[in-house]
Amino acid sequence: MHKTLCRGYNIGIRLIDEFLAKSKVSRCGSFRETVDIIAKQAFLMFLNMQCTVSKWTQDGSECSLIFTDNPLTEFVELPSEFQELQYCNILCGVIRGALEMINMDVDVRIVGDMLKGDEVHEMRLRLKEQKNEDFPYKDDE
Amino acid sequence: MLCYNIYFYDRTGCIFYHEWLRPKPVKQGAGTLEDDQKQMFGLCWTLSNFCAALDPKGTDKPQLGAPRRIGQGCQFRSFTANNYKLHFLETPSGYKVVLNTSQDVGSLQETLAAVYDELLVARCIRSPLYKGPGQPIPNPEGFRGALSQLLRMRGVLPASQSA
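Residues numbered from 1 in each chain as written. Chains lettered and ligands numbered in written order. Predicted model: local features only at pLDDT ≥ 70, side-chain atom pairs only at ≥ 80, totals over all residues. Heavy atoms only, no water.

The name an unreviewed UniProt entry assigns to chain B is Trafficking protein particle complex subunit, from the organism Dunaliella salina. Quoted verbatim from the Subunit (unreviewed entry) field of the UniProt record, the comment on chain B reads "Part of the multisubunit transport protein particle (TRAPP) complex." As recorded by UniProt, the Sequence similarities (unreviewed entry) comment attached to chain B reads in full: "Belongs to the TRAPP small subunits family. BET5 subfamily." (UniProt positions renumbered as here; feature names shortened; annotations may be inferred.)

The name recorded for chain A in an unreviewed UniProt entry is Trafficking protein particle complex subunit, from Dunaliella salina. Checking UniProt for chain A, the heading Sequence similarities (unreviewed entry) contains the comment "Belongs to the TRAPP small subunits family. BET3 subfamily." Note on chain A: under the UniProt heading Function (unreviewed entry), the record states "May play a role in vesicular transport from endoplasmic reticulum to Golgi."

As structure tokens, then:
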């Protein structure tokens, strides 16, 4: 079940271009700037809500996205036998896919879920690597 | 005002090429179309690298020849030779569009942005038939037609030039 909900990845690798084209964002500089854009603009564009970025680690490689409005979970209750289910896991996949397309490898996981009685939804983002652009033609002599 | 040809690249190489007018055939230049696309990519790649390294204004100046992140440093938009002009657009997701026109054309940044938005995103990336980077554009003939139509509407491709 969790694997199925990781499906967001394929959404993310397409969604990023839709976002870049519509928002006219022309560059994604640092991880910090990029996360801010996700929180302020991308969530607004696609889910009609905003979230806050907080809990940065010292080295700036990890942060949390925190939100309370969540259209995904409106009218949703988790039955007791599915308490383990990460219902919003798809958002993790979307963000991971989208950031991979701009050459940032991130780990995203849900750490707080209002469906399970937490006060807020919280997603933890960890930047693993920010890669350089690859030259695609490798067969050159 | 004339349009010569256009190249679309993603992170894996050239995904689409179209020429309206190419009086000097590829055979006399790079040899094969594939080599031609590869060399065009190399030109833009190297030129962006030089532009970023030699930028007199920016604070983020990567070393010449050093690998860069997409869009790091400044970006070149076009260059003009005595008989043609090359327009270039790069998106943060690594798509690149190169359009060659006659040298009397002004800035085409907005047009290229529209090509990205209304064509590449709308007709290719959003299409359920598109399988991700490195895969061909679905329905290339429809894409070709829409491309010519868009450029014609924007007044870049003159009506006298055939699609």
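Novice: I'd like a description of helix α1 (residues 33–54) of chain B, backed by residues and values.
Specialist: Residue and element names in this part refer to chain B. For α1, which comprises 22 residues, the first-to-last C-alpha distance of 31 Å matches the rise-based estimate of 32 Å (1.5 Å per residue) to within 8%. Of the residues making up α1, those classed as buried are D36, Q37, K38, M40, F41, G42, C44, S48, N49, A52 and A53. Of the surrounding elements, those touching the buried residues of α1 are β1 (3–10), β2 (13–19), β4 (85–90) and β5 (96–101). (Helix = DSSP H or I, 4+ residues; strand = E, 2+ residues; numbered from the N terminus. Expected span 1.5 Å × (residues − 1). Buried < 20%, exposed > 50% of the residue type's maximum accessible area, 1.4 Å probe, protein only. Contact = heavy atoms within 4.5 Å.)

Novice: Residues and numbers for the confidence of the model for chain B, please.
Specialist: Of all residues in chain B, 99% have pLDDT values of 70 or greater, and the mean over the chain is 89. The complex model carries a pTM of 0.88, and its ipTM stands at 0.84. (pLDDT = per-residue confidence, 0-100.)

Novice: Any chance you could break down the packing of helix α3 (residues 31–47) of chain A against helix α4 (residues 89–101) of chain A for me, citing the residues and the numbers?
Specialist: Each pair of packed helices gets described by two things: the angle between the helix axes and the distance between those axes. Residues and elements named next belong to chain A. Here α3 crosses α4 at 125°, and the two axes come no closer than 12 Å. One element, α3, and the other, α4, form an angle in the oblique class. Remark: the crossing between α3 and α4 carries right-handed chirality. Two secondary-structure elements touch here, α3 through F31, T34, I38, F43 and L47 and α4 through L91, I95 and L99. Per-class residue counts for the contact of α3 with α4 are seven nonpolar, one polar and no charged. (Axes fitted to C-alpha atoms, helices over the stretch in contact; angles between N-to-C directions. Parallel < 35°, antiparallel > 145°, perpendicular 65-115°, else oblique. Left-handed = near helix turned anticlockwise from the far one by under 90°. Nonpolar A, V, L, I, M, F, W, Y, C, P; charged D, E, K, R; others polar.)

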